[in-house]
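Single-letter residue listing:
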Amino acid sequence: MQESIKSIFTESIQAQIAAGEVLPDALESAALTIVQGLINGNKLLCCGVDSCHMLAEHLAGLLVNFYETERPCLPAVALTQSSVQLGAQNNADDNDRFARQVRAFAQQGDLLLVIAVNGNEKDVVSATEAALTKDMKVIALVGDDGGELTGLLGPSDVEIRVPSKRPSRIVESHLFITHCLSQLIDNTLFPQGEQ
């Protein structure tokens, strides 16, 4: 069993090293896109597929509160997953739960950050389509080959694609990416707090 445990750690570390090699440009672009949106007075809406939604909530919380250094609040919100909270438990289409909130709450210039595993998950694809109809920029955290989500993104959108096909490694990398983005955003907006 201990060899298996060591193997799991090794695989995770190797996935992070591979991501570190291919993602710096995308991470820089995503952080600068978010910073520019916030400077322009817009907000960041975050959502994720079931296995990743807690990361969307975590990122929104880090921006509203702070990552490691206290600073003013930044306007970010995680869209709700709950049909009950949306008041539509009897007729809600789970594939449309985020898209409906984007249509209801987003304004032109706002940003949507979606977190997916393979990019074919209908709830984040629908949310992205709704965002694009509002001329919002989209930042997509995804893995595998990017799926349908990748095909929706335009030149002003940002894809952060983890170079892995294994869902557990993708989600682990997404957590690291949310922390990296939080630090980059804080360091850009509040450089005196940079460590």
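Up top you'll find the structure we're talking about.
Attention here is on the structure that accompanies the text. (Residues numbered from 1 in each chain as written. Predicted model: local features only at pLDDT ≥ 70, side-chain atom pairs only at ≥ 80, totals over all residues. Heavy atoms only, no water.)

**Description of the overall build of the protein chain**
So, step 1. Along the backbone of the protein chain there are seven helices and five strands.
So, step 2. Against the compact-globule benchmark of 16 Å for 195 residues, the protein chain has a radius of gyration of 17 Å, which places it among compact chains.
So, step 3. Taken along its principal axes, the extent of the C-alpha atoms in the protein chain is 50 × 45 × 30 Å.
So, step 4. Within the protein chain, the fraction of its 195 residues that count as buried is 46%.
So, step 5. When contacts within the protein chain are restricted to residue pairs at least 6 apart in sequence, those whose partners lie at least 24 apart make up 69%.
So, step 6. On the protein chain, roughly 9800 Å² of surface is accessible, and the fraction owed to carbon and sulfur atoms is 52%.
So, step 7. Averaged over its 13 positive side-chain charges, the protein chain has a centre that lies 4 Å from the centre of its 25 negative ones. (Helix = DSSP H or I, 4+ residues; strand = E, 2+ residues; numbered from the N terminus. Rg over C-alpha atoms; globule rule 2.2 N^0.38 Å. Buried < 20%, exposed > 50% of the residue type's maximum accessible area, 1.4 Å probe, protein only. Contact = heavy atoms within 4.5 Å. Areas by Shrake-Rupley, 256 points an atom, 1.4 Å probe, with all protein chains shown as cover. Lys, Arg positive; Asp, Glu negative; His and termini not counted. Charge placed at Lys NZ, Arg CZ, Asp CG, Glu CD.)

**A short note on the nonpolar core**
So, step 1. One finds Leu44, Val102, Leu112, Leu113 and Ile160 to be the most contacted residues of the largest nonpolar core, which totals 55 residues.
So, step 2. For this core, the element with the highest residue contribution is helix H2 (residues 24-39), accounting for seven residues.
So, step 3. If sequence neighbours within four positions are ignored, Ile160 has contacts with Leu23, Ala26, Leu27, Ala30, Ile139, Ala140, Leu141, Val142, Ile177 and Leu181. (Core = buried A, V, L, I, M, F, W, Y, C linked by side-chain atoms within 4.5 Å.)

**Quick look at unusual backbone geometry**
So, step 1. At Asp135, a position not held by glycine, the phi torsion is positive, near 55°.
So, step 2. Note that Asp135 resides in the loop between helix H5 (122-133) and strand S4 (137-142).
So, step 3. Unlike most non-glycine residues, Asp144 shows phi in positive territory, near 55°.
So, step 4. Turning to its location among the elements, Asp144 is positioned in the loop between S4 and helix H6 (147-152).
So, step 5. Residue class for Asp144 comes out partly exposed when judged on its relative accessible area of 27%.

**Overview of the packing of helix H1 (residues 2-22) against helix H7 (residues 167-189)**
So, step 1. Close contact between H1 and H7 brings their axes to 10 Å; oriented N to C, the two are set at 55°. Compared by their axis directions, H1 and H7 come out oblique. Where H1 crosses over H7, the two elements pack in a sense that is right-handed. Contacts between H1 and H7 pair Ile8, Glu11, Ser12, Ala15 and Gln16 from the former with Arg169, Glu172, Ser173 and Phe176 from the latter. (Axes fitted to C-alpha atoms, helices over the stretch in contact; angles between N-to-C directions. Parallel < 35°, antiparallel > 145°, perpendicular 65-115°, else oblique. Left-handed = near helix turned anticlockwise from the far one by under 90°.)

**A short note on the side chain of His53**
So, step 1. Its location among the elements puts His53 in helix H3 (residues 53-64).
So, step 2. Once you skip the residues sitting within four places of it in the chain, His53 turns out to touch Cys46, Cys47, Gly48, Leu79, Gln81 and Phe98.

**What to know about a nonpolar patch on the surface**
So, step 1. Together, Met1, Ile5, Phe9, Ile13 and Ile17 make up a nonpolar patch on the protein surface, roughly 600 Å² of accessible area in all.
So, step 2. You can see Ile17 is positioned in helix H1. (Patch = residues over 30% accessible without salt bridge, like charges linked within 9 Å, V, L, I, M, F, W, Y side chains within 5 Å. Salt bridge = Lys/Arg side-chain N within 4 Å of Asp/Glu carboxyl O.)

**Topic: the sheet that holds strand S5 (residues 158-161)**
So, step 1. An order of S2-S1-S3-S4-S5 is seen for the five strands of this open sheet, with the pairing classed as parallel. Each of the sheet's edge strands pairs with one partner strand only, and the pair in question is strand S2 (76-78) and S5. Direction aside, the axes of adjacent strands within the sheet are offset by 15° on average.
So, step 2. Relative to S4, strand S3 (residues 111-115) runs parallel, the two being bridged by five bridges. Counterpart to Leu112 in the pairing with S4 is Val138. (Pairing = 2+ DSSP bridges.)

**Observations concerning H5**
So, step 1. Over its twelve residues, H5 extends 17 Å from the first C-alpha to the last, a length consistent with the 16 Å expected when each residue adds 1.5 Å.
So, step 2. Close packing links the buried residues of H5 with strand S1 (44-48), helix H4 (97-105), S3, S4 and H6.
So, step 3. Looking one or two residues past H5, Asp135 carries a phi angle of roughly 55°, positive in sign. (Expected span 1.5 Å × (residues − 1).)

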